[in-house]
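One-letter residues, chain by chain:
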Amino acid sequence: MTAFTALVLAGSRGEPDAVSAYAGVSHKGLIELGGRTLLERVVTALSDAGAAHIGVSTADAGVIAALDRIKVAARLEALPASPSPSLSVRQGAEALGLPVLVTTVDHALLQPEWVTRFLADVPAQADVAALLAPEAAVRAAAPETQRSYMRFADGRYSGCNLFYLRNRRALAVIDLWRTIETHRKQPWKIAALLGPGMLLGYLTGRLTLDQAVARLGAKAAVTAAAVRTPYGLAAIDVDKPADLDLVRQIAGR
């Protein structure tokens, strides 16, 4: 098992979080699931997958205190967070060094094998890669889930909150990310921002996932890759109270 460095985003967008309020805690990372906080579950999965150094990007005192109590093989470090996830990634990557695997603290069901499979499947030539799950895999794993899917010529896919940044060239993607952050739930608007050819290809269903990711990478002058996962549960994070109910149900199976 090859050691790697990981960054966990546990910041805030500066607005009240409905999931934290629903769970009665100050931060999503402190929500308990199966007797462990989401923070502990994510950090433990990364450590078990081979992470030697894990940075947690956060401004929450409770999360920082909880991090000090987690016992894993990896070295843990609290890093300052920005209200913008993209800026937190840039700051975290520069603090930890590259390459780095990036995920989020609300990746409640994260499993070590998802991480190791992703890292093994990242193409050697890719500067940056993202993990996505085909709709069929997501629905087979959790028929009751309501996810956002991006539609392409070769099917519909849901993001899995796992990214790999290989080198400093990959940081150029973050600048592009900052531009499209506000439209993360509206892929057609993202396509429009990237030019008429991208928009037309997306709206007419002619654009494949790999073509779309390659064009996104080209906009940032990097080689980008989409990695498909067979693990449908990898697409489930905790964005809203219904997601928390679902992961609690799944974890209790």
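Remember, it's a predicted structure, so these values are computed and weren't measured experimentally.

(A) The arrangement of helix 10 (residues 209-219) in detail. What helix 10 keeps buried is the set L209, A212, V213 and G217. On an axial view of helix 10, the arc spanned by its buried residues comes to 135 degrees, and they lie on one face. Facing away from the buried side of helix 10, by more than 90 degrees, are the exposed residues A218 and K219. Where helix 10 terminates, the next one or two residues include A221, which has phi positive at roughly 60 degrees.

(B) Local environment of the environment of D175. Checked against the element boundaries, D175 lands in helix 7 (residues 172-180). Sequence separation between D175 and A220 is 45 residues; the distance between their C-alpha atoms is 8.0 Å.

(C) Layout of the pattern of salt bridges. Following the criterion strictly, the structure yields 12 salt bridges and no others. Notably, a salt bridge pairs D121 with R117, separated by 2.9 Å at the nearest N-O pair. Of the two residues, D121 and R117 both sit in helix 5 (residues 112-121), four residues apart, roughly one turn of that helix. Owing to a relative accessible area of 33%, D121 belongs among the partly exposed residues under this scheme. As a salt-bridge pair, R139 and E135 come within 2.7 Å of each other at their nearest N and O atoms. Here R139 and its partner E135 are both found in helix 6 (residues 135-141), four residues apart, which amounts to about one turn of the helix. Look at R139 and you get partly exposed, because its relative accessible area is 37%. When salt bridges with common partners are traced through the structure, they connect R147, D237, K240 and D243 into a single cluster.

(D) Main features of unusual backbone geometry. Of the consecutive residues L98 and P99, the connecting peptide bond is found in the cis state with omega at 5 degrees. Assignment of secondary structure puts P99 in the loop between helix 4 (85-96) and strand 6 (100-104). Backbone geometry places N161, a non-glycine residue, at a positive phi of 55 degrees. Residue placement: N161 occurs in strand 9 (residues 155-165). Even without being a glycine, A221 presents a positive backbone phi close to 60 degrees. For A221, the location among the structural elements is in the loop between helix 10 and strand 10 (224-228). Residue A221 is classed as exposed on the basis of its relative accessible area, which comes to 64%.

(E) Broad picture of the side chain of T58. Secondary-structure assignment places T58 in the loop between strand 4 (51-57) and helix 3 (61-69). We classify T58 as buried; its relative accessible area is 4%. A polar contact is formed between the side chain of T58 and the backbone oxygen of A10, at a distance of 3.0 Å. The residues touching T58, leaving out its near neighbours within four places in the chain, are A10, G11, H27, V63, I64, L79, P80 and A81.

(F) Here's a closer look at the nonpolar core. Within the largest apolar cluster, 52 residues are counted, with the highest numbers of intra-cluster contacts made by L39, L46, I54, V56 and F118. When residues of this core are assigned to their parent elements, the largest contribution, seven residues, is made by helix 2 (residues 38-49). In this structure F118 touches L101, A129, A130, L131, L162, F163, Y164 and V227, once residues within four positions along its chain are discounted. Of all hydrophobic cores here, the second largest spans 15 residues; its members include L79, V89, A93 and V102.

(G) Structural view of helix 4. Between its first and last C-alpha, helix 4 extends 16 Å over 12 residues, near the 16 Å set by a 1.5 Å rise per residue. Regarding helix 4, the residues found buried are P85, S86, S88, V89, G92, A93 and L96. Projected down its long axis, helix 4 carries its buried residues within an arc of 155 degrees, all on one side. At the C-terminal side of helix 4, G97 shows a positive phi close to 95 degrees.

Cut-offs and rules
- Residues numbered from 1 in each chain as written.
- Predicted model: local features only at pLDDT ≥ 70, side-chain atom pairs only at ≥ 80, totals over all residues.
- Heavy atoms only, no water.
- Buried < 20%, exposed > 50% of the residue type's maximum accessible area, 1.4 Å probe, protein only.
- Helix = DSSP H or I, 4+ residues; strand = E, 2+ residues; numbered from the N terminus.
- Arc of directions from axis to C-beta.
- Salt bridge = Lys/Arg side-chain N within 4 Å of Asp/Glu carboxyl O.
- Polar contact = N/O pair within 3.5 Å; in protein donor to acceptor, adjacent residues only side chain to side chain.
- Contact = heavy atoms within 4.5 Å.
- Core = buried A, V, L, I, M, F, W, Y, C linked by side-chain atoms within 4.5 Å.
- Expected span 1.5 Å × (residues − 1).

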